[in-house]
Each structure stands twice: as structure tokens, then as C-alpha cells.
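# Structure assessment
Now for the letters of each chain:
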Amino acid sequence: MAIYPIPTGRISDVLVTRRMMNQLQNIQKRLMTVEQQLSTGRRIQLASEDASAANRAVALQRLLETKAQLETNLSTSQAFLDATDGALSSVADLLHNVRGMAVRAADNTTNQTERDAMALEVQATLNQLLNVGNEQYRGRYLFAGSATTTRPFDTYNNYVAYRGNDTALRTYADQELLFDTNVPGQELFGAVSSEVEGGDLDPMLTAHTRLADLRGGLGITPGTLVISDGSRTSKVSLVGAETVGDVVRRLESNPPEGREIHVTIGARGLRLEMDAAGGGYFTIRDEQGGRTAAQLGILRTTGTAAEPIEGSDLDPVLSATTSLDDILGGWDQDSGLRITNGDETHVIDLQAAETIQDLLNILNSSEAMVLAEINATRTGISVRSRLSGGDFSIGENGGTTATDLGLRSLTHETRLAALNHRRGVTTVSGADFTIRRTDDVELAIDVSSAQTIGDVIDLINNHPDNLDPATAVTARLRPVGNGLELIEDHPAGGGQLSVIRTNFSLAAWDLGLLPRDTDVTTADGTPATLSGSDPNPLETQGIFNTLIRLRDAIERFDITEIERITQILDVDSERLTFARAEIGTRGQSLEALTRRNKDEQVELKSALSVEIDMDIAQAATDYVMRQAAYEAALNSIANLHSLSLLNYM
Amino acid sequence: MTLTSTLAIAKNSLYAAQAGIQVAANNIANADTPGYVREKLVQAAGPTQRIGTLVTGTGVMIKGVVREIDEYLQERLRAAGSDKASGEAQEAYFIELESIIGELTDSDLSTALTTFFNRLHDVLNQPEDPAVRNMAILAGDVLTAQVRSLDSRVRALRKESNEQIIGDVDNINQLVKQIAELNVRIVEVEKGGYIVSDAVGLRDERDLALKQLASLVNITVHEQTNGSVNVFVGGDYLVFDGVTQMVKTVQYADRGLISVELRLSRSDGLLRVSSGEIAGLIAARDDVLGGFLDQLDTFVGALINEFNKVHSSGQGLSGYQELLSEHAVADIQLPLDEAGLAFTPVHGSFQVEIHNRQTGTHTVHDIFVQLDGLDDDTTLASLTAALDAIDGLSAEVTVDGQLRLESESPVLEFSFARDTSGTLAALGINTFFTGTKGYNMRLHESLLNDASKLAFSGGGIGVDARNGESLAALLTTPVESTGQVSLSQMYERWMGETAQASALAQAVAEGYRSFHSTLEGEHLGVSGVNLDEDAVHIMVYQQTFQVSAKVISTISELLDILTSL
């Protein structure tokens, strides 16, 4: 409120009148302000009345609205987690019952009828679990990962297929705090197998390789390089460069004055040359504490001549668009691979693929029910089975495709202990089996010392009696499919090639060389070939796999298998318990976050109130004061200002 | 020194007393007249007369009636009046602007923004629910409507200020004419300054007109010896004796408004306005409201572009079968960062995915956007060629310079990902918002027609909600193009500046009001009527009259003695 000073010198009547009017106006205005504050409850109506408070109020208001939304996020997440937990609560009991059945089924005293009944019960439990897996809540399939409108579990022939993914659904529990709101069926039910570990595909560096894909995926921090030829320097900024090609172009167009730089993209690194004619010392360093040149492997701070700089290995990783021509320095793309999954074998033709994505596409859209992706370290691809309950393996199709890509499930390095679902190979002391060649020479093979498939192959091929190429039998991996193969490829022909079980050893059965429960197998023909079965089928470790195999094992009365399954059941139960515990923990976190959120909302409301709300006591006092001032002004105007000299003349 | 001469002296005295009472009565009658300057009777002793060795006076002489006024104070008062009018004009428009913004209410832009982003959170919570998706899109539509409404209301206010300027110019011209006429009459009445008296009523009128003119525009006034005033604005005259120069308005376009600038009618030069209501209105129109619109456009541009950059790198629940880019380039052979696009792309790349709905497979293709200033930067022509080369996609540039994409078969659909160059947002492909500024910000039609096009997924069509996570958090995410400031901070800064400027304008106006009142008080001190003073004057003149009358009657008696001899 402005105060108008009284002028020194004369007072005129107009001035007096005007000041009276001003006073009344002012007081009335102030009264009206207080009335408005009282009726709206707000201290300020327009932001300019208190600009800094208004600014804070706007920020507080936004924060309050955000917190309210976060509260909704938390309660929705809680609802879904509760539904998930509810769905899982019945599973523990089901598994417990099944375990009991498995123990009874392994009992020799049961008869076929009883066993048939048990198998049916297992099937019923399987169906119930399928229902749990396909449970929906508010239109979302709870266990499908982020594919929330796709039914995750389907029966496929005799097996269970998983059609969801393992992507987490997340929502904001607080600003910048993302919170998982789902439990993908993949890890909970064990719906997808562990990967066939793809080998390193060794992608080559190209002009299109993104800088972000270098150094094993760590990328390159952008910066400026300083290039020198000993007397002149130039600066090259790599900020904003996206690909290796960008780096090359920028380096080549900014050489030190009068010089030329030529950059070649090698298989794994860059090579920089300066024109020889100019002489000098060729150096590259980073500007001011940068790391770009070092990361690109072209850092050279002292030069002794104008020699080229050979950059170090940039370790590029795979991306979906990496061209297949740029991996491995050449591989067998023509033969294809064979994937056996469930009871079906599929031949996968990869000839049409041009990029990694194409390769993954062909695998994923094939009927082999696999999940192919770039692996976690982005050095290769991993292939996993989506099918539960069946055997899964990847083999060759007459060439080396599977091995080149690192996808073959049976290789020289496969450990014997891992074969047969980790039952391994049981040997006896002494020879485990005997190979009788077509020339009737017998080779006694003792595989007790072998650790890997390769060792077994070597034991056969390097047997002292088997060293003459004219008569030798060759052990190798089957060129088509998987398994060991013995082949005698002599032009002479005639005679039979056999494998004979020796010393009651199980090794030949375990290696797949002999069908189970047989003692001899023979082959004749030219060449004479004995092809073994795949001793290393993989399985998807999970509840469905467990139950399907249990059911089949009960029907077959395969006690060994039943016992194996019983142990796996414990693993499945544990996995489930972990999951429920994790859900419980998450629920607790949500509760804590919700409590905190509510507290924060209260604090924010109170802070907001401090900024813009009217203090009622203050307002009421102001009102009374101003009313008194108004009365006093009116009084003085009425009584004092009506007098003048003319009254007395 | 005769009786007759004494009679004459007494008669003069009566005249003087009558005149004095008349002047006092005039003052008393006009005590409340606004702009009235009190009059004073100037009397002087009559010229001395010498008869022989006797030197006597010749009574009282009325020299004239003058106004009690301090011209220097008037000048300062006029200047203060100009400043006050200027300050109050800006203050008024600021307050109106603030009530349009409605910052502390629930219907302001801030609430619309938060509501929109909150609906995006809802989609994150339930990505499978199409109704929730729809709500998010509708909330976006409401946001754009609110932006457009704010824009149009501020524009309307701006138009109003412009109309007010035009109205004020008419007033200026009228006042100028009035002053010139008064000049002529005052000179006539005052006989060009040869008489002492002031042309009392006329000068008051002229002063009032000058005061009104000063409140419209900053003037300097020079009074000449003949009594007429010359009025200048800057260095240009508006009134010179009886000659006038009018002010005219000349139209020009500024930020979507047919604005006017003020020029002098004879010299055609720009009127150098620095104070007065017109100055305030011009500042309100161009700096306050025009500046606000500029800031609105900057904020809206950033919101549109940043949101679109994230959105265009994502995929919805379904892909596109055909798409037309929103923005066109003038010359398809120019590099994209020089092609005149409202949002400028930078060096980078993006991916196009072709999805086969029958087989479920998809292929990914890199499109590199080369804009590093070295040879062959990407143009719209080269971009189109690169897109066309993708198997399953056909691309062409329309005659209007827009990019059209179409899938080559009904089972194929396409989507986009990972745009590090901002090209998709710049061209308006797979975007959420359309438009570039406050007046044309809208939602993309394809979203209003099909909620599945909301690009929440980051890993492929309908795969996950990763892109949605970035979208939902965008309001508070630091953005590179604005110097690591988030959109909400940008908004708060803008609103804070406006509020501060408004508070400042109000404080300044209050200061001017206070100063003006102070000077007015002083002016009234000099020129205002004080009834008591004039009452005293009347008393004195009454006495003088009485005594002079007595002198006359005494001389009359003396003359009677002479005639009765």
C-alpha cells in the first residue's frame, strides 16, 4: 500500500477532497481483498501477488498430482501381485500330492491298474497346473510376461508349449523408480529350456557397425581427438558420430593441414595411415582427459615416424542387423540344421537369411517350437526350447552349420557326466564294449578314463589295433542329427560291423551305441555304418516337464526315471517357494512404498497450504482491523472536513 | 492634486476592489473544478505624477489577472502522468494475462499436462486394456485443446491491445487539434503576450488537453513568448503554433496479428514513443503478450518434439500399412537439417521393422541419417530411396514434398524403432502430436482413429511396454535439446518469469502512481483553491471598498462645500 506524503506549502481544498476519496478507496479495496481471501480460503488469487510462493505452489501441485497417480500405480500393482499369489497358492499343495504319488509309484508292489490310475491323476494335476498357468486377472494373462493378451500355456501333441516371454512389466512406484509387477511364467513354471550355448560368432567390424556396439557393448564415449604429424595438429570431434563409418569419414576429412589420412576398416580394428611423403611423426591423442582415442584403440602419444597406427581389437558385438557375411569369417550356411523337439524333427534351411535377425526369424517361426535370441553377452545366438516334457537337441544336417554357429547339442566337448539327463555313463572296470570290424578284428574299448565325447572318439580311433587306415573303423559324430557313429569306409566291403556289450557294462547303452536292453547291434553294407542314438537330449526344467515325464514313466513303469523325477520335483517345489517368497517381499515393498507415498502426499498438501492458503485467524483479524479503520475514516471525513472560514463570517 | 484627481484615485480603488472580489468569487466558485488554476489579481501602484515640486501616486492600477501556476512543476507532472499511464496499461494487461493462464486454479495448463502423463501411467499399469489406452489418447487431445485455447485467448487479448492503440491514436489527433485551436485563441486574447493577463479559462482548457495528451504519449511542451505552445514527441512536432501534425497508423504483420506502428503524417517518420499509455500498450502487445506467445511456442515446440522423438521410436499393438509424413520439405535435394523443417534432425540412424502378420516373422533394417556436414548428407530424396529399397516397403515423395510409405502386401505391416537422429519426429512419422506451435498443436489422426497405434512397446509390435516407460516419465526427464532441463522445469521457469514480471509491473505502476500523486499534491498546493484564503481576500477587498467609498463620500462633501460658496 502506497503512502502519499503531505506536501509542504499550501493545502488546497481539492487536495483535501482527493485525499479523502483515496483513503476511502484504499480501505474499501483492502476490505474487499480480505473478504475474497476468506471466501476462497486462498491467500493469493493471482501468481503475481507472491510470485515465488506461486512458483513453489505450482511445483508442489504437480508433485502432488504425480504422487496421487503413483499411489494408483502401487495399488494396481498390489492387486496384480495378490492375484498372482492367489493363483500360486494352490500349486504347492498339488506338487505335494504329486510327490507322494511319485514315491508310491516307484514301489514295486503296485500293479498295472493302480499305476494307470496314478498316471491319470498325474495328468489331472497337469491340467490343473495348466489352468493356473493360464490364469487371467482383469483381462491380463498373469504368467505370460509382457505378452499379456496371449495365452501362455498350450498343449502341443503330448507336451506343453509356452507362448509368452520373460519380459517384465514395470510401472513407476516412485519418480524414476520402476517396479516389476509381474512374474513371468518362464522362470516360475520353468517353461523354457536352458540355452544351447551358442559359440562366439566373432562379428567383423564394418562401416555400419554402431559405436555403441563396440568394446563388448560398452560403446565409445564421444570426445575430440587431436591428430598431429609432429608439427601441425588438427582436431577431430567425434561427438554425434554413430557408426564406425562416421569415425572414418571424420578422421579422413580433418587431417593436419597439408597432410592426408587414410583409414582402413580391418576385421576387428582400424588402421590409420598418414601420407608417407610428408614425413613427420604420426600421433593421435585425446583432448583434455577424454578417452575416445584410447577406446578406439588408436591412441599413440609418441611417434617415432610416420608409420601407420594399427588399432587394437574393438570387440564388436552382434546386433539384429549384423550381416551374416560379417561373422566367423565364413561358415557353412548351406547345409542347415536339424532340431529335434518333442517327437518331431525339423530341418531348418538357413540359406535365405542375410542378417542375424533373419536367422532368428527362421528359427523362431519354424515349427520346432524354439526361442532363438541374441545371447546375453551378444557374442552369439542362443536357442532354447519352448516345449516342456520332451527331448530337445540340435544336430547337423550333413554339414557343419550347427557346429559353426555353436548350436550343436552334442559335440566333442560334451562331458560324459552330462549325458542322459545327467545320469552320465556307467562304466565297469575293464572293457565296456567291443567293436568287431568287418575284418573280424575285435577292439575292446574301455571308456572309464574318458571325460568327454571327444575322448571316447579318440579311444576308438587311436586304439592300437585300429591304426591302419586300410582296415580301421572310424568313430565320429553323426553327420546328420546327433549321436556317435562308427563307419568303415573301405572299397573292399563285405563283412559286418558290430558293437557288442562287454562285461555287463551299461556304457554302450549310455553312449547310444547300442539300443537299450540289447547286447549286439550289427550293420553291413558299403560303407558299413553303425549310427548311434543321441545320448544328450536336453529337457526343459520345469513343472510341466516333470509331470509329463512322471506320467509317462509311471505308464512305462520306468523306476529309474521315476526316481530321477522325484528328485527334480523337489527342485520345482523349491523354485515355486522362492517365487512366492519373492512375491511376498515385493508385496511388502509395495506396502512400504504406499505408506511412504501417503505420508508424502500429506506433507505436500501441508506445504502447499503454507504457500497459498489463508490463515483464517489472520484474515479475520485483518478484517476487523480494516473495518475499524474504515469507520474512523468515515467519522473524520464527516465531522472534520465540513468546516471553513465561511461558516464564521 | 485636485479633488477630482483624488476622486479618480478612489474610483480606481473601487474598481480594484470590485475586480479583486470578482477574482476571489471566481476562485471560490471553481474550487472543485478539476484542472482549475486559481487566479490572482495583479495590482500595482499607479504611475507617479509630478506637478511642480509635488510628486504623487495615481492610485492603484489593475495590471491583470494571472494564474498561479508553476510551469516547471506542470512539466514534471505531465511526465509523471505519462509514466503512470504507461505502467498502468502494462499492469492491466499482465493481470488479464494471469487470469487467462489461471495458474493457481485447476484448469491451468500444468494440470492438463500432469493429467495427460498420469493417464500414460495408467496404460503402464494395464497395457492390455484398450479402454485405458483410449483414455490416454483422449487426455492428450484435451491437452492440445487447452494449449490451443490458451494461445487463442492470449491472441485475442493482444488484438484488443492493438485496437486500444488505434483508439488512442484517434484521441491523440483530436487533442492535437484542440490544442492548436486553443493556441490561436489564447494568442488572440492575450494580444500576443503584450498584456499581462493570462487567458484564464482558455489556458486551463489547454492545460487539461495537454495533460490528457501526456497521459497518452510522452510530450515535451515549449511555451513561446506569444503564449502559444509547441508540442513535441521525441524530436518531432505535433503542434507548432496553429499548425498540427497528425499521427497515423501503419499496418504490419507480427506473430499472426495485423499490428500497427505509429508514424507522423507529414514526415512519415516513426513516432518515438517512450512513455504514456501508448508506450504501455505497445509494450503490452509486443513484449508482454507477444513475448508470452513466443515462450508458449517454444515450450509447446519442445513438448511436441521431445514427446514425438520418444513416441516415434516405439511400436504400438499393430503396425502401419500406409503412412504419410506430416511435414514437408521445400527441396528434396537439400540435406535434411537444411531443408527448412521446424524441428531439425541430427546425425544418427533409425530402424524400420517389417512384420509379416501371417507368419509372425519380422525383419529389421537400419536406415542411416548422415548429417555430419561432410560429403553426401542425407536428403529427403536419398532417405526415400533408402526406405524404398527395403523389401516389403515402398516409399515415395508426393508432389507436396511429403514422404509416403506403403507396405507392399496386405499381410505386411511396418513399424519404427531406435531413432537417434530425430528424423522421424522432424518429418512427422509415427508421431503422437502434430503441429509445431501453440496454435496448431493437435493429436495425430491415426491415434484418434485407432488406439492400438499408441507406441508403448520398445521391443517390437505388441511386445512390451518399454517405450511407454520413457513416455510416462518424460515430463520430468532432463532433455538434451534444452540444456538438460526437463519439460516441467521449463514450464515452471516460464510461469515463474511471467508471474515475476507481472509482480514487477504492478510494483512499478504503484511507484508511478505514488510519484504522480505526490507531484499532484504539490501542484494543488500551488494552484489549488483554498476557500479560507479567498474568504480572507473577500474580507480585505470588502474593507478596501468600504474605505474607498468613504473617501468618495468625503470628497463629495468637500465638493459640495465648494459648490455652495
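Residues numbered from 1 in each chain as written. Chains lettered and ligands numbered in written order. Predicted model: local features only at pLDDT ≥ 70, side-chain atom pairs only at ≥ 80, totals over all residues. Heavy atoms only, no water.

## Some points on the interface of chain B and chain A
- Listed per partner, the contact involves 76 residues of chain B and 71 residues of chain A.
- Buried surface at the junction of chain B and chain A, both sides included, amounts to about 6000 Å², of which 52% is carbon and sulfur.
- Considering only the surface of chain B that becomes buried against chain A, Leu-104, Asn-125 and Glu-128 of chain B emerge as the three largest contributors, covering 12% of it.
- Across the chain B-chain A interface, the total number found is seven salt bridges.
- Note that Glu-520 of chain B is salt-bridged to Arg-18 of chain A, the shortest N-O span being 2.7 Å.
- Linking chain B to chain A there are 38 residue pairs in polar contact (both at pLDDT 80 or more).
- Of the residues that constitute the side of chain B that touches chain A, the class distribution is 22 nonpolar, 34 polar and 20 charged. (Contact = heavy atoms within 4.5 Å. Buried area = accessible area lost by both parts, 1.4 Å probe. Salt bridge = Lys/Arg side-chain N within 4 Å of Asp/Glu carboxyl O. Polar contact = N/O pair within 3.5 Å; in protein donor to acceptor, adjacent residues only side chain to side chain. Nonpolar A, V, L, I, M, F, W, Y, C, P; charged D, E, K, R; others polar.)

## Observations concerning helix 10 (residues 453-461) of chain A
Residues and elements named next belong to chain A.
- Those residues of helix 10 lying buried are Ile-453, Gly-454, Val-456, Ile-457 and Ile-460. When helix 10 is viewed along its axis, its buried side chains cluster within an angular range of 160 degrees and face the same direction.
- Buried residues along helix 10 sit in contact with helix 9 (419-422), strand 19 (433-436), strand 20 (442-445), strand 21 (474-477), strand 23 (484-488) and helix 11 (507-511).
- Two or three places before Gly-454, at the opening of helix 10, Thr-452 has a side-chain oxygen 3.3 Å from that residue's backbone nitrogen. (Buried < 20%, exposed > 50% of the residue type's maximum accessible area, 1.4 Å probe, protein only. Helix = DSSP H or I, 4+ residues; strand = E, 2+ residues; numbered from the N terminus. Arc of directions from axis to C-beta.)

## Notes on a nonpolar patch on the surface
- Among the surface-exposed residues, Leu-504, Val-508 and Tyr-512 of chain B lie close enough to one another that they form a single nonpolar patch of about 250 Å² accessible area.
- Summarising the element assignment, Val-508 of chain B is placed in helix 11 (residues 487-527). (Patch = residues over 30% accessible without salt bridge, like charges linked within 9 Å, V, L, I, M, F, W, Y side chains within 5 Å. Areas by Shrake-Rupley, 256 points an atom, 1.4 Å probe, with all protein chains shown as cover.)

## Remarks on the nonpolar core
Residue and element names in this part refer to chain B.
- By size, the foremost hydrophobic cluster in this structure holds 115 residues, and its most contacted members are Leu-387, Leu-405 and Phe-416.
- For this core, the element with the highest residue contribution is helix 4 (residues 130-189), accounting for 16 residues.
- Excluding residues that lie within four positions of it along the chain, Leu-405 makes contacts with Gln-321, Glu-322, Leu-323, Leu-387, Leu-393, Ser-394, Ala-395, Phe-414, Phe-416 and Ile-429. (Core = buried A, V, L, I, M, F, W, Y, C linked by side-chain atoms within 4.5 Å.)

## What to know about the sheet that holds strand 7 (residues 224-228) of chain A
Residue and element names in this part refer to chain A.
- Within the open sheet, the three strands sit side by side as 8-7-11. Their pairing is antiparallel. Two strands close off the open sheet at either side, each with one partner strand: strand 8 (233-237) and strand 11 (283-286). In this sheet, adjacent strand axes meet at a mean angle of 25 degrees when their direction is disregarded.
- Bridge count for strand 7 against strand 8 is five bridges, and the pairing is antiparallel. Each residue of the ladder has a partner; that of Ser-228, found in strand 8, is Thr-233. (Pairing = 2+ DSSP bridges. Axes fitted to C-alpha atoms, helices over the stretch in contact; angles between N-to-C directions.)

## Digging into the packing of aromatic side chains
- Using the criterion set out here, one finds 21 aromatic pairs over all chains in the structure.
- Ring centres of Phe-143 of chain A and Phe-189 of chain A lie 5.2 Å apart, and the angle between their planes is 85 degrees; this geometry places the pair in the edge-to-face category. Here the residue Phe-143 of chain A occupies a position in the loop between strand 2 (140-141) and strand 3 (153-156), and Phe-189 of chain A occupies one in the loop between helix 4 (185-188) and strand 7, the gap between them amounting to 46 residues. Note on accessibility: Phe-143 of chain A and Phe-189 of chain A belong to one class, buried.
- Their ring planes at 50 degrees and their centres at 5.5 Å tell us that Phe-116 of chain B and Phe-307 of chain B sit as a pair that is tilted. Remark: Phe-307 of chain B occurs in helix 6 (residues 277-312) and Phe-116 of chain B occurs in helix 3 (residues 109-125); sequence separation between them is 191 residues.
- Judged by relative accessible area, Phe-116 of chain B falls into the buried class, the value being 1%.
- Classification of Phe-307 of chain B by relative accessible area gives buried; the value is 0%. (Phe/Tyr/Trp six-rings, centres within 6.5 Å; stacked < 30°, edge-to-face > 60°.)

## Remarks on the side chain of Glu-485 of chain A
Residue and element names in this part refer to chain A.
- As for its position among the elements, Glu-485 is in strand 23.
- A distance of 2.9 Å separates the side chain of Glu-485 from the side chain of Ser-531, its partner in a polar contact.
- In contact with Glu-485, other than residues within four places in its own chain, are Thr-474, Ala-475, Arg-476, Arg-478, Pro-479, Thr-529, Leu-530 and Ser-531.

## Comments concerning the sheet that holds strand 3 of chain A
- In spatial order, the strands read 3-4-17 (chain A); together these three strands make up an open sheet with antiparallel pairing. Either end of the sheet is taken by a strand with one partner, and the two such strands are strand 3 and strand 17 (387-388) of chain A.

## So, the packing of helix 2 (residues 71-101) of chain B against helix 11 of chain B
Residues and elements named next belong to chain B.
- Packing of helix 2 against helix 11 leaves a shortest axis separation of 8 Å and a crossing angle of 150 degrees. When the axes of helix 2 and helix 11 are compared, the pair comes out roughly antiparallel. Note that helix 2 runs across helix 11; the crossing there is left-handed.
- Its residues assigned to classes, the contact of helix 2 with helix 11 comprises 15 nonpolar, eight polar and nine charged. (Parallel < 35°, antiparallel > 145°, perpendicular 65-115°, else oblique. Left-handed = near helix turned anticlockwise from the far one by under 90°.)

## Details of the packing of helix 2 (residues 51-105) of chain A against helix 12 (residues 543-556) of chain A
Residue and element names in this part refer to chain A.
- Look at helix 2 against helix 12: their axes get within 11 Å of each other, and the N-to-C directions meet at 30 degrees. The orientation of helix 2 with respect to helix 12, classified from their angle, is roughly parallel. Where helix 2 crosses over helix 12, the two elements pack in a sense that is left-handed. Along the contact surface, helix 2 presents Val-91, Leu-95, Val-98, Ala-102 and Ala-105, while helix 12 presents Ile-543, Leu-547, Leu-550 and Ile-554.
- Along the lines of polarity and charge, the residues of the contact of helix 2 with helix 12 split into nine nonpolar, no polar and no charged.

## Side note on helix 2 of chain B
Residue and element names in this part refer to chain B.
- With 31 residues, helix 2 extends 45 Å between its outermost C-alpha atoms, agreeing within 8% with the 45 Å of an ideal straight helix rising 1.5 Å per residue.
- By the N-cap criterion, in which a side-chain oxygen at the helix start approaches the backbone nitrogen of a residue two or three places on, helix 2 is capped by Asp-70, the distance to Tyr-72 being 3.1 Å.
- Just downstream of helix 2 lies Gly-102, where phi reads positive at about 60 degrees. (Expected span 1.5 Å × (residues − 1).)

## Let's talk about the domain arrangement of chain A
- Taken domain by domain, chain A holds domain 1 (61-192 + 544-599), domain 2 (211-310), domain 3 (324-409) and domain 4 (417-531).
- One C-alpha centre belongs to domain 2 of chain A, the other to domain 4 of chain A, and the line joining them spans 58 Å. (Domains from an automatic or database assignment.)

## Description of the pairing of strand 10 (residues 270-274) of chain A
All names here are of chain A.
- Residues of strand 10 alternate between two faces, with Leu-270, Leu-272 and Met-274 buried on one and Arg-271 and Glu-273 left unburied on the opposite face.
- Here strand 9 (residues 261-265) runs beside strand 10; their pairing, made up of five bridges, is antiparallel. From the neighbouring strand, Val-263 faces strand 10, where its bridge partner is Leu-272.
- For strand 10 and strand 12 (residues 309-310), the ladder comprises two bridges, and the chain directions are antiparallel. Bridge pairing links Arg-271 to Glu-310 in strand 12.

## Here's the deal with the environment of Gln-78 of chain A
Residues and elements named next belong to chain A.
- Tracing the chain through its elements places Gln-78 in helix 2.
- With 511 residues separating them in the primary sequence, Gln-78 and Ser-589 have C-alpha atoms 9.9 Å apart.
- The contact partners of Gln-78, leaving out residues within four places of it in the chain, are Gly-587, Leu-590 and Glu-591.

## A closer look at the pattern of salt bridges
All names here are of chain B.
- Inspection of every chain in the model, using the stated rule, returns 68 salt bridges over all chains.
- With a shortest N-O distance of 3.2 Å, Arg-255 and Asp-254 are connected by a salt bridge.
- A single salt-bridge network, built from bridges that share partners, covers Arg-158, Asp-254, Arg-255, Arg-285, Asp-286 and Asp-294.

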